[in-house]
Amino acid sequence: MSVAACLLLYSFTAAVLAPRLLVRLTHAGVAPQLGVLAWLAAIASVVASWATAAAFLVGELVTDWNQPGRSVVSACLAQLRAVAAGNYGLAVQLGLLALTTLAAAALAVLLGRLGKSLLRARTSTHEHARMARIAGRRVEGLDAVVLDAPQRAAYCVAGRPHTIVVTSAALAALDQRHLDAVLAHERAHLAGRHHLVLAVTRGLAAILPRIKLFTTGAAEVARLLEMCADDAAARQHGARTVLRALLTLSGAAPIPTGALGATGVGVLARAERLAAPPRPARRLRTRLLLGGFAVLIAAGPLLTGGLAASGLSFCGPM
């Protein structure tokens with residue numbers, strides 16, 4: 001079996017098994033940064049396996065064009081060439097052409113949808129940031145735009161420049177310490193470019209909704225990024241302060257689409273985590289497991305391809 005077939009088998013296995021394992025390791029948010037890294041490594045590993053498998057298939061087709069019978073894949077390619085040449089009749093030839101065209105069109109549509117999704121998210125957030133700067137007002141000493149609204153909300157929007165938005169109701173409800181913690185949370189989102197990560201993961205989930213690695217991954221990454229921002233704020237202002245600020249804003253207005261806010265995702269789980277941080281032993285164990293998983297799954301396509309090419313893997317010789 002070819003390197004391409006081994007990579008496709010690996011990607012299928014990873015797409016099925018990785019979400020189950022990662023949810024267990026990351027759902028509690030014991031090590032959120034490593035959790036995000038592990039999810040992204042799994043997603044990138046599967047996508048890279050698909051791309052590399054396609055490249056190997058094209059390479060085999062070119063290499064084996066005049067050498068049919070050298071391997072199972074070569075024999076299959078020889079049959080496909082015969083069909084394409086019309087040796088099995090015009091109807092079969094047209095059927096293969098239609099199937100190939102549909103497959104190419106499906107790939108183009110998926111790539112186009114992902115590109116449109118990313119462009120739409122970028123345009124929406126940039127426009128929202130611009131409108132917030134126009135409609136809001138500046139308060140001296142406050143690194144945010146204040147919108148007059150009865151709902152308590154605080155969020156950040158990517159743009160040129162990036163914008164942190166706080167409603168007048170939230171400003172009235174938060175004392176200075178809690179407000180500083182909320183602003184630190186939002187600055188952590190912007191500094192970490194979390195909006196870019198979410199745009200990619202949510203885009204993949206939207207165009208491939210039947211693959212749990214992408215759908216579950218997008219949801220879990222969103223939760224973990226909020227926890228990363230919580231930790232960044234807690235390092236500056238303390239976990240209790242961040243918790244009280246989070247509770248003050250909880251149950252308020254929903255965060256606009258494309259924005260990142262302190263109360264946007266997983267408020268209850270994050271509050272529990274801030275109130276009762278994991279013990280050092282559990283944190284160390286989870287970090288070791290997540291680090292090992294990230295390294296292993298990132299190297300998975302390389303190991304699978306290398307073993308298949310050398311004839312040492314279960315996929316057999318070329």
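Residues numbered from 1 in each chain as written. Predicted model: local features only at pLDDT ≥ 70, side-chain atom pairs only at ≥ 80, totals over all residues. Heavy atoms only, no water.

Visitor: I'm lost on the overall build of the chain in this one. Help?
Guide: The secondary structure content of the chain amounts to 11 helices and 5 strands. For the chain, with 318 residues in total, the buried portion stands at 43%. Put simply, 67% of the contacts in the chain that link residues at least 6 apart link residues at least 24 apart. Surface summary for the chain: the accessible area is close to 16,700 Å², and the carbon and sulfur share equals 66%. (Helix = DSSP H or I, 4+ residues; strand = E, 2+ residues; numbered from the N terminus. Buried < 20%, exposed > 50% of the residue type's maximum accessible area, 1.4 Å probe, protein only. Contact = heavy atoms within 4.5 Å. Areas by Shrake-Rupley, 256 points an atom, 1.4 Å probe, with all protein chains shown as cover.)

Visitor: What exactly am I supposed to notice about the pattern of salt bridges here?
Guide: When the charged atoms of two side chains lie near each other, side chains of opposite charge can form a pair. All told, the structure shown has 7 salt bridges when counted by the stated rule. Here Glu-226 and Arg-270 are joined by a salt bridge, their closest N and O atoms 3.8 Å apart. Within this pair, whereas Glu-226 is found in helix α8 (residues 212-237), its partner Arg-270 is found in helix α10 (residues 267-275), the two being separated by 44 residues in sequence. On the basis of relative accessible area, Glu-226 is assigned to the buried category, the value being 2%. The partner of Arg-270 in a salt bridge is Asp-230, and the shortest N-O contact between them spans 2.7 Å. (Salt bridge = Lys/Arg side-chain N within 4 Å of Asp/Glu carboxyl O.)

Visitor: Teacher, can you tell me more about the sheet that holds strand β4 (residues 163-167) here?
Guide: The 5 strands are arranged β1-β2-β4-β3-β5 in an open sheet whose pairing can be described as mixed. The open sheet terminates on both sides in strands that have one partner only, identified here as β1 (137-138) and β5 (260-261). Note: strand β2 (residues 145-147) against β4, 3 bridges, orientation parallel. Within β4, the residue paired with Val-145 across the bridge is Val-165. Its contacts with the sheet place helix α6 (residues 176-191) against β3 (154-157), β4 and β5, and it is angled at close to 20° to β3. (Pairing = 2+ DSSP bridges. Axes fitted to C-alpha atoms, helices over the stretch in contact; angles between N-to-C directions.)

Visitor: Sorry, what's going on with the packing of aromatic side chains here?
Guide: A ring pair, where both rings are aromatic, is described by two values, the distance of the centres and the angle of the planes. Applying the stated criterion across every chain yields a total of 1 aromatic pair. Ring centres of Trp-50 and Phe-214 lie 6.0 Å apart, and the angle between their planes is 80°; this geometry places the pair in the edge-to-face category. One end of the pair, Trp-50, is in helix α2 (residues 32-63); the other, Phe-214, is in helix α8, with 164 residues separating them in the sequence. With a relative accessible area of 33%, Trp-50 lands in the partly exposed category. (Phe/Tyr/Trp six-rings, centres within 6.5 Å; stacked < 30°, edge-to-face > 60°.)

Visitor: Got a minute to help me understand the pairing of β3 in this structure?
Guide: Each regular strand displays side chains that alternate between the two surfaces of the sheet. Neither face of β3 is left uncovered, since the one carrying Ala-154 and Cys-156 and the one carrying Tyr-155 and Val-157 both have all their residues buried. Sheet topology places β3 next to β4; 4 bridges connect them, and they run antiparallel. Considered in β4, the bridge of Ala-154 is made with Val-166. Counted along the chain from β3 to the antiparallel partner β4, the turn is 5 residues long. As judged from the 2 bridges shared by β3 and β5, these two strands associate in the antiparallel manner. Across the sheet, the residue bridging to Cys-156 is Leu-260, located in β5.

Visitor: Honestly, the pairing of β4 in this entry has me stumped. Any pointers?
Guide: Of all 5 residues that make up β4, 5 are buried, and the element is covered over most of its length. What you see with β4 is no split at all: Thr-163, Val-165 and Thr-167 on one side and Ile-164 and Val-166 on the other are buried throughout.

Visitor: Can you walk me through the environment of Val-265 in this structure?
Guide: Summarising the element assignment, Val-265 is placed in the loop between β5 and α10. Using a relative accessible area of 22% as the deciding quantity, one classes Val-265 as partly exposed. Along the sequence, Val-265 and Arg-223 sit 42 residues apart, while their C-alpha atoms lie 5.8 Å from each other. Setting aside chain neighbours within four positions, we find Val-265 in contact with Ala-222, Arg-223, Glu-226 and Arg-270.

Visitor: Looking at this model, I keep getting lost on the environment of Leu-119. Mind explaining?
Guide: Within the element layout of this structure, Leu-119 appears in helix α4 (residues 90-135). According to the relative accessible area criterion, Leu-119 is exposed, its value standing at 53%. Considering only alpha carbons, one finds Leu-119 and Ala-199, 80 residues apart in sequence, at a separation of 9.3 Å.

Visitor: Even after reading the chapter, I still don't get the side chain of Arg-270, so can you show me in this structure?
Guide: Exposure remark for Arg-270: the relative accessible area of 1% places this residue in the buried category. Among the polar contacts listed, one links the side chain of Arg-270 to the backbone oxygen of Val-265, at a separation of 2.8 Å. If we ignore the near neighbours within four places in the chain, the residues touching Arg-270 are His-185, Glu-226, Met-227, Asp-230, Leu-246, Ala-262, Thr-263, Gly-264 and Val-265. (Polar contact = N/O pair within 3.5 Å; in protein donor to acceptor, adjacent residues only side chain to side chain.)

Visitor: I would appreciate a short explanation of the nonpolar core in the present structure.
Guide: Nonpolar side chains tend toward joint burial in soluble globular proteins. Among the nonpolar cores identified, the biggest contains 47 residues, and Leu-22, Ala-42, Leu-183, Leu-213, Phe-214, Phe-293 and Ile-297 are the most heavily contacted of them. Of the residues forming this core, the biggest block, 8 residues, is contributed by α8. If we skip the residues at most four places from it in the chain, Leu-22 touches His-27, Ala-38, Trp-39, Ala-42, Leu-290 and Phe-293. If you look at the next biggest cluster of nonpolar residues, it comprises 9 residues, including Ala-181, Ala-233, Val-242 and Leu-246. (Core = buried A, V, L, I, M, F, W, Y, C linked by side-chain atoms within 4.5 Å.)

Read these as spatial facts, not as claims about activity.
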